[in-house]
Amino acid sequence: KIKGKFETFMGREVATIKGETTIYQVEDILYNGVSIRGRGTRVFAVKDSLGTGGPLVLKEMWFDTGRKLDEIFFHDQARAKRVEGVFLAVRRWDTHRTTLTTVRGYTPEQALALNLEYKLENRKQVRLVLPRKRPLGNFETLEEIAHG
């Protein structure tokens, strides 16, 4: 758990996060990957605003659009191969936001040209929702973390 107000880490108050079909009530921010260069990963403790289901984690990340495989691919593969003992996303969605088009306002054609000419990365925002279990501080080994 990160101590402090949401505004300290987000620059604004975050009370809810809208999914494709669900609105999530934010209870806390668990992780905020602050860096100039990186995936900008944030992990929130959330609950379904309708109160259905148990506690959840919403992971928000940005990844390079040039990557062939993203985290969703690995969740899908693990589910297809029936991997046990690993927490898999219960919901996932592409927000259709990218750093060059949505955030900076370039057209898709301009973003592609910037990428080709200057090797400027264009990152896409993806969100995953997973079951929330024990906090990391309650684990003693990596094996315990892997099995929840």
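Because the structure is predicted, anything quoted here is derived from the model rather than measured. (Residues numbered from 1 in each chain as written. Predicted model: local features only at pLDDT ≥ 70, side-chain atom pairs only at ≥ 80, totals over all residues. Heavy atoms only, no water.)

A. Summary view of the sheet that holds strand β1 (residues 16–18). Strand order in the open sheet formed by six strands is β1-β2-β3-β4-β6-β5, with antiparallel pairing between adjacent strands. Looking at which strands have only one partner, the edges of the open sheet turn out to be β1 and β5 (91–98). The sheet shows a mean angle of 35° between the axes of neighbouring strands, taken without regard to direction. For β1 and strand β2 (residues 23–32), the ladder comprises three bridges, and the chain directions are antiparallel. What sits directly across from Thr16, in β2, is Gln25. Here helix α2 (residues 71–80) sits on the sheet and contacts β4 (56–64), β5 and β6 (123–131); the angle it forms with β6, its principal contact strand, is near 35°. (Pairing = 2+ DSSP bridges. Helix = DSSP H or I, 4+ residues; strand = E, 2+ residues; numbered from the N terminus. Axes fitted to C-alpha atoms, helices over the stretch in contact; angles between N-to-C directions. Contact = heavy atoms within 4.5 Å.)

B. Representation of the pattern of salt bridges within the structure. Inspection of every chain in the model, using the stated rule, returns seven salt bridges. Arg132 is the partner of Glu27 in a salt bridge, and the nearest nitrogen-oxygen pair spans 2.6 Å. With a gap of 105 residues between them, Glu27 in strand β2 and Arg132 in the loop between β6 and α5 (142–147) connect regions that are remote in the sequence. A residue is classified by how much of its surface remains accessible, and Glu27, at 39% relative accessible area, is partly exposed. Judged by relative accessible area, which is 22%, Arg132 ranks as partly exposed. (Salt bridge = Lys/Arg side-chain N within 4 Å of Asp/Glu carboxyl O. Buried < 20%, exposed > 50% of the residue type's maximum accessible area, 1.4 Å probe, protein only.)

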